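Each chain is listed here by its residues.
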Amino acid sequence: MTILDIRGVSKSFRGLRALDQVDVSVDEGEIVGIIGANGAGKTTLFNCVTGAFPPDAGTVTLDGRDVTGVKMHTLARAGLVRTFQLMRPFASMTTLENVTIAVQSRGVRRERAARAEAATLLERTGLVTWADAESSTLPTAVQKRLELTRALAMRPRVLLLDEVLAGLVPSERTPVLDLLDELRREEGVAMLFIEHIMAAVRRLSDRVVMMDQGSVIARGDVDDVLQDPRVIEAYLGKEYGHAA
Ligand SMILES: Nc1ncnc2c1ncn2[C@@H]1O[C@H](COP(=O)(O)OP(=O)(O)OP(=O)(O)O)[C@@H](O)[C@H]1O
Ligand SMILES: [Mg+2]
């Protein structure tokens, strides 16, 4: 069953065609990787899907309902949650407070219940020791995990992940990948994830979509896509060295 269906989405910025009739779908419990060079349009696709700005054309369907242009907080309540490439915690709040607010945004009104749930989430994502640290002081790897924890606090059924591993050294990536794997296995969370690190794409993806200059140029099985000559030419030839 398709849970998220992106159809024919196009977006231009002052004549620059950032997205050109992009089709991507995600089934329940499925993990779909999005790869492509810098500027390919990956983040713009997430922005169009989560109502940061409406697409010029195309539709976004969640559980069979048209949600094109619907704003992020409304989508979150319907189970579609995204993380940001550039993190956006409330800087002057602690880790625990940031996650508590995310739990409350889901509709848990009572402060104590929300804090208790947030504390449990921090255990799950390995952030307990950072619970009382102000978010602006957190190292990148911890901020990345906070961003993911805030997303989980909204109990997503579909997660849109924008480079959650960027800035992490390999030893920091493994626990994040393990967590994502567990979320899929145990809770059936579907994911659409943008990633430059090919080892992560290989490990998590059921399918891969390759974007180049606003268009999907290849899709399918990970190994097939990574061996596609158009993909190697458009991306891997110039990027694989540092992306791998
Ligand atoms: N709000 C905006 N206004 C104008 N141009 C934009 C805007 N957002 C994105 N663009 C342009 O659209 C193109 C696609 O950008 P986008 O951020 O989606 O790329 P990306 O695939 O996420 O790249 P990266 O891997 O570097 O994150 C780029 O040329 C970018 O400059
Ligand atoms: Mg991006």
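Before reading on, note that the structure itself is shown above.
Keep in mind that what you see is a predicted model, and the values were worked out from it rather than measured.

**Q** Before we move on, could you go through the environment of Met 72 and cite the residues and values that matter?
**A** In this structure, Met 72 sits in helix H2 (residues 72–77). As for Met 72 and Val 216, which are separated by 144 residues in sequence, their C-alpha atoms are 24 Å apart. Setting aside its immediate chain neighbours within four residues, Met 72 contacts Thr 50, Arg 82 and Phe 84.

**Q** Could you give an account of the layout of surface pockets, naming the residues involved and the relevant values?
**A** The space that makes up the largest pocket amounts to roughly 430 Å³. Contributing elements (two or more residues each) for the lining of the largest pocket: H2, strand E6 (80–82), helix H3 (95–105) and helix H5 (140–153). Among the residues forming the lining of the largest pocket, the class breakdown is 9 nonpolar, 4 polar and 6 charged. Roughly 170 Å³ of internal volume is contained in the second largest pocket. Contributing to the lining of the second largest pocket are Arg 106, Glu 117, Thr 120, Leu 121, Arg 124, Leu 152, Arg 155, Pro 156, Leu 183, Glu 187 and Val 189. Every element with two or more residues in the lining of the second largest pocket is listed here: helix H4 (111–124) and helix H6 (170–187). Top element by residues in the lining of the second largest pocket is H4. It accounts for 4 residues. Residues that form the lining of the second largest pocket fall into these classes: 5 nonpolar, 1 polar and 5 charged.

**Q** Residues and numbers for the sheet that holds strand E10 (residues 215–220), please.
**A** Within a sheet, each strand pairs with its neighbour through backbone hydrogen bonds, oriented either parallel or antiparallel. In space, the 6 strands of this open sheet follow the order E6-E7-E8-E3-E9-E10, with mixed pairing throughout. The open sheet has two edge strands, E6 and E10, and neither has a second partner. For this sheet, the mean inter-axis angle between neighbouring strands, taken without regard to orientation, is 15 degrees. Sheet analysis places strand E9 (residues 207–212) next to E10, joined by 5 bridges and oriented antiparallel. Its bridge partner lying in E10, Val 209 is registered against Arg 219.

Definitions and limits used
Residues numbered from 1 in each chain as written. Chains lettered and ligands numbered in written order. Predicted model: local features only at pLDDT ≥ 70, side-chain atom pairs only at ≥ 80, totals over all residues. Heavy atoms only, no water. Helix = DSSP H or I, 4+ residues; strand = E, 2+ residues; numbered from the N terminus. Contact = heavy atoms within 4.5 Å. 1 Å grid on protein atoms, 1.4 Å probe; cavity = no way out; pocket = protein on both sides within 12 Å on 5 of 7 lines; lining within 4 Å. Points joined across faces, edges and corners; volume = space filled by probe spheres on them. Nonpolar A, V, L, I, M, F, W, Y, C, P; charged D, E, K, R; others polar. Pairing = 2+ DSSP bridges. Axes fitted to C-alpha atoms, helices over the stretch in contact; angles between N-to-C directions.

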